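Given next are the chains, with one letter for each unit.
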Amino acid sequence: MARRFDAGYYFSEGFHSIFTHGFMSFAAVCMIVACLLIMGSFSLLAVNLDHMLGDLEAENEFLAYIDENYTEEQALGLQAEIEAIPNVSKVTFVTRAQALEDWKEGREQNDLLDSLQPEVLRDRYRIHVSDIEQLGQTVDQVELIQGVADTSVALEIAQGFVLVRNIATGVAAVLIGILLIVSLFIIANTIKLATFYRREEIAIMKMCGATNAFVQWPFVVEGMLLGLTGALIAFFAQWGIYQLVAKLVIQGNGLSLVTVTSYLSMARNILAVFCGTGALIGVGGSLLAIRKFLQV
Amino acid sequence: MIRLIDVYKEYDNGTKALKGVNMRIDDGEFVFLVGPSGSGKSTVIKLITGEIAATQGKLMVNGYSLNNIAPRQIPYMRRTLGIIFQDFRLIEKKTVYENLSFAMRAIGASPREVRRRIPYVLQLVGLDQKADRYPGQLSGGEQQRVAIARALVNNPSMIIADEPTGNLDPQRSLEIMMLLERINELGTTMLVVTHEKNLVNRFAKRVVAIENGRIISDETGGYYNGEKI
């Protein structure tokens, strides 16, 4: 009898086995859904945090004061030079008069303020950077431009943003990694229970002369189908949970500090990651579970 | 053909199961392997089927040297053997036909080969009318016939039966042994491990007796249990 890869047989056996051992299949799918939901929730939290920090970073700016001896026209002439610095994303010129208006804004009206003249202030540039991590270097480069008298920058705050984002990304990555490994072992144990009931079948197959690959393939197909089923259920459940949590966050967010990324904008990626992870832990779990029973 | 040359087997717990066993079984022979519990019969079977490896000595099974066989070659060696167990080891959720097709598909037989071979084998063991029954719907004797059919279905050159009548009454035991004899007459080598002296004595085949890990007698037309060996 010819040795061959019988994909139809493997698929048929794997598919039927899901229903033959219905309860264990149900348990395995539930475990996959639970693991993916936990991982998904952490990932979405990390994504939202990253977006929020990104937004805050985008608002980050510093001021470059122009020498008071420069006329407004001379000061304006420096814009092109500042814009040429690589990390500078946006440059806005603010005249002394405008700066005074801005300063007065929000303060109580009084005669003392009204007596202030724009000449006490300097023309300035409001400069946005694209990469907050290079803020320090950008400030140094701006200070080297002739005509820039001084700069005002909250470097500690910028570094704080970077630190928070890096910690959040690191923590999320570690948590997701740990959860992935834990999920793999939970699934392996769940499938091992299912496999335990079938150890006799495996022993018979081995005694008849079945190769390890022949025994494994139906379990791989079964694990993959269970993983993909779990991934689809988890995808829709995650959608529902996310919408609910997003609604609660937006309702309780009086200061509008927190923004929530739309689920639909990430749906394709989430589905792909869930399907990939579900299939991986399904197949990996199956192979881990069956390994022991192959030693006949 | 099976050859065991000065085979020793010591388990991890220190038990010395075989102490220099020599045995040769030629193609077409019918051999009873007899001996008390713990004598080493099961160890011989496990060595022949490649479940365990010998500690020392040479072992040949149907052209495969088991001393240096690669693990991936073991399935192909096993395809030359058909194995029958005392407790039948049928899959309860599969019908008689499915139990047999399962064994055939396990070694890569096509659906066409399965359809052609199974009716012939079921007819040989007298179960052609019960192909759609589940093991639970059959008597003990019938279940053992299914197990024999499963051992035969891949057309092995040798059948190893480990206490095949251990769970059957005397009449069913005799029927099973007669069936094994008929299969042997059709050309399949037969190695039957048993305790049942009446059956062994009645069939007057070659009898290999083992005790304390040593072959104590090997005689064609021999008897078992001290009456004559």
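Higher on the page you've got the structure.
Bear in mind the structure is a predicted one, so any value in this text is a computation, not a measurement.

Student: Before we go on, may I ask you to explain the packing of aromatic side chains in this structure?
Tutor: The geometry of an aromatic ring pair is captured by two quantities: the separation of the ring centres and the angle between the planes. Under the defined criterion, the tally for this structure stands at 14 aromatic pairs over all chains. With 5.5 Å between their ring centres and 70 degrees between their planes, A:Y10 and A:F214 make a pair best called edge-to-face. With A:Y10 in helix α1 (residues 7-20) and A:F214 in helix α10 (residues 212-251), this pair connects stretches of sequence that are 204 residues apart. Of the two residues, A:Y10 and A:F214, both sit in the buried class. Ring pairs connect the aromatic residues A:F235, A:F236, A:W239, A:Y242 and A:Y263, which therefore count as one cluster. Lying across the ring of B:F85, B:R89 places its NZ or CZ 4.1 Å from the centre.

Student: So what exactly am I meant to see when it comes to the sheet that holds strand β5 (residues 64-65) of chain B here?
Tutor: In a beta sheet, neighbouring strands are held together by backbone hydrogen bonds and run either parallel or antiparallel to one another. Residues and elements named next belong to chain B. With antiparallel pairing, the four strands of this open sheet are ordered in space as β2-β1-β4-β5. The open sheet has two edge strands with one neighbour each: β2 (16-25) and β5. With seven bridges connecting them, strand β1 (residues 2-10) and β2 associate as antiparallel partners. If you follow E10 over to β2, its bridge partner there is K16. Helix-sheet contacts for helix α1 (residues 41-48) involve β1, β2 and β4 (56-61), and the interaxial angle to β2 is about 65 degrees.

Student: Whenever I open this one, the sheet that holds strand β2 (residues 88-94) of chain A confuses me. Can you help?
Tutor: All names here are of chain A. As summarised here, the arrangement of the four strands in space is β2-β3-β1-β4, forming an open sheet in which the pairing is antiparallel. Here the strands that pair on one side only, and so sit at the sheet edges, are β2 and β4 (148-152). On average, adjacent strands in this sheet sit at an angle of 25 degrees to one another, irrespective of strand direction. Pairing of strand β1 (residues 61-66) with β4 involves four bridges; the strand directions are antiparallel. Paired with Y65 across the strands is D150, a residue of β4.

Student: Would you mind going over the interface of chain A and chain B with me for this structure?
Tutor: Many analyses report the size of an interface as the accessible area lost when the parts associate. Taken together, the contact between chain A and chain B spans 21 residues of the former and 25 residues of the latter. Carbon and sulfur atoms make up 60% of the surface buried where chain A meets chain B, a total of about 2100 Å² over both sides. Where chain A packs against chain B, one counts one salt bridge. Across the pair B:R89 and A:E200 runs a salt bridge whose closest N-O atoms are separated by 3.5 Å. Counting every contact that joins chain A to chain B gives three residue pairs in polar contact (both at pLDDT 80 or more). Elements represented by at least two residues in the side of chain A that touches chain B include exactly α1 and α9 (199-208) of chain A. Counting residues per element, the side of chain A that touches chain B draws most heavily on α9(A), which supplies seven residues. Its residues assigned to classes, the side of chain A that touches chain B shows ten nonpolar, four polar and seven charged.

Student: Help me out: how do you make sense of the nonpolar core in this one?
Tutor: One broad trend across soluble globular proteins is that nonpolar side chains are buried collectively. Of all hydrophobic cores here, the largest spans 85 residues; its most connected members are B:F32, B:I148 and B:L180. When residues of this core are assigned to their parent elements, the largest contribution, ten residues, is made by α10(A). When near neighbours in sequence (up to four residues on either side) are disregarded, B:I148 contacts B:I84, B:V125, B:I176, B:L179, B:L180 and B:I183. One finds B:L4, B:V31, B:M158 and B:V208 within the second-largest nonpolar core, a separate group that totals 26 residues.

Student: Please explain a positive patch on the surface as it appears in this structure.
Tutor: Taken together, the side chains of A:K192, A:R199, A:R291 and A:K292 present a region of like positive charge at the surface. Locating A:R291 in the fold gives a position in helix α11 (residues 263-291).

Student: How do you make sense of the pattern of salt bridges when you look at a structure like this?
Tutor: Two side chains that carry opposite charge are able to pair once their charged atoms sit near each other. Tallied over the full model, the rule gives 13 salt bridges over all chains. With a shortest N-O distance of 3.5 Å, A:R122 and A:E68 are connected by a salt bridge. Of this pair, A:R122 sits in the loop between α6 (111-114) and β3 (124-129) while A:E68 sits in the loop between β1 and α3 (72-76), placing them 54 residues apart in sequence. Note that B:R24 and B:D26 form a salt bridge whose closest N and O atoms lie 2.9 Å from each other. Relative accessible area serves as the criterion here: at 40%, B:R24 is assigned to the partly exposed category.

Scoring rules and cut-offs
All residue numbers refer to position in the chain's written sequence, counted from 1. Working convention: letters from A go to chains and numbers from 1 go to ligands, in the order in which they are written. A pLDDT threshold of at least 70 governs which residues receive local features in this predicted model, and a stricter bar of 80 or more applies before side-chain atom pairs are shown or counted, although totals over entire chains, interfaces and linings include all residues. Remark: hydrogens and water are excluded; side-chain values derive from all non-hydrogen atoms of the structure. Pairing of aromatic side chains here covers Phe, Tyr and the six-membered ring of Trp, requires ring centres within 6.5 Å, and sorts the geometry by plane angle: under 30 degrees stacked, over 60 edge-to-face, intermediate tilted. The helix and strand labels rest on DSSP assignments: H or I over at least four residues marks a helix, E over at least two residues marks a strand, and numbering proceeds from the N terminus. When accessible area is computed with a 1.4 Å probe and restricted to protein chains, residues below 20% of their type maximum are described as buried, those above 50% as exposed, and intermediate ones as partly exposed. In this analysis the charged atom, NZ for Lys or CZ for Arg, is taken to sit over a ring once it is within 6 Å of the ring centre and within 35 degrees of the ring normal. By the convention used here, strands pair only if DSSP detects at least 2 bridges between them. Contacts are assigned to residue pairs that have any heavy atoms within 4.5 Å of one another. Here, axes are lines fitted to C-alpha atoms. For helices the fit covers the stretch in contact, and angles between N-to-C directions go from 0 to 180 degrees. What counts as buried area is the accessible surface, traced by a 1.4 Å probe, that two parts surrender upon association, with contributions from both included. What counts as a salt bridge is simple: a side-chain nitrogen of Lys or Arg found within 4 Å of a carboxyl oxygen of Asp or Glu. Counting of polar contacts relies on pairs of N or O atoms within 3.5 Å, with two restrictions inside protein: one atom must be capable of donating a hydrogen and the other of accepting it, and residues adjacent in sequence are counted only when both atoms are side-chain atoms. When residues are sorted by character, Ala, Val, Leu, Ile, Met, Phe, Trp, Tyr, Cys and Pro go into the nonpolar class, Asp, Glu, Lys and Arg into the charged class, and all the rest, Gly among them, into the polar class. Take the buried Ala, Val, Leu, Ile, Met, Phe, Trp, Tyr and Cys residues and link them wherever side-chain atoms come within 4.5 Å; each set so joined is a nonpolar core. Patch definition: residues with relative accessible area over 30% and no salt bridge; like charges joined within 9 Å; nonpolar side chains (Val, Leu, Ile, Met, Phe, Trp, Tyr) joined within 5 Å. What sets the accessible areas is the Shrake-Rupley method with a 1.4 Å probe; for residues, cover comes only from the shown protein chains. We count Lys and Arg on the positive side and Asp and Glu on the negative side, and we leave His and both chain ends out. Lysine's charge is taken at NZ, arginine's at CZ, aspartate's at CG and glutamate's at CD.

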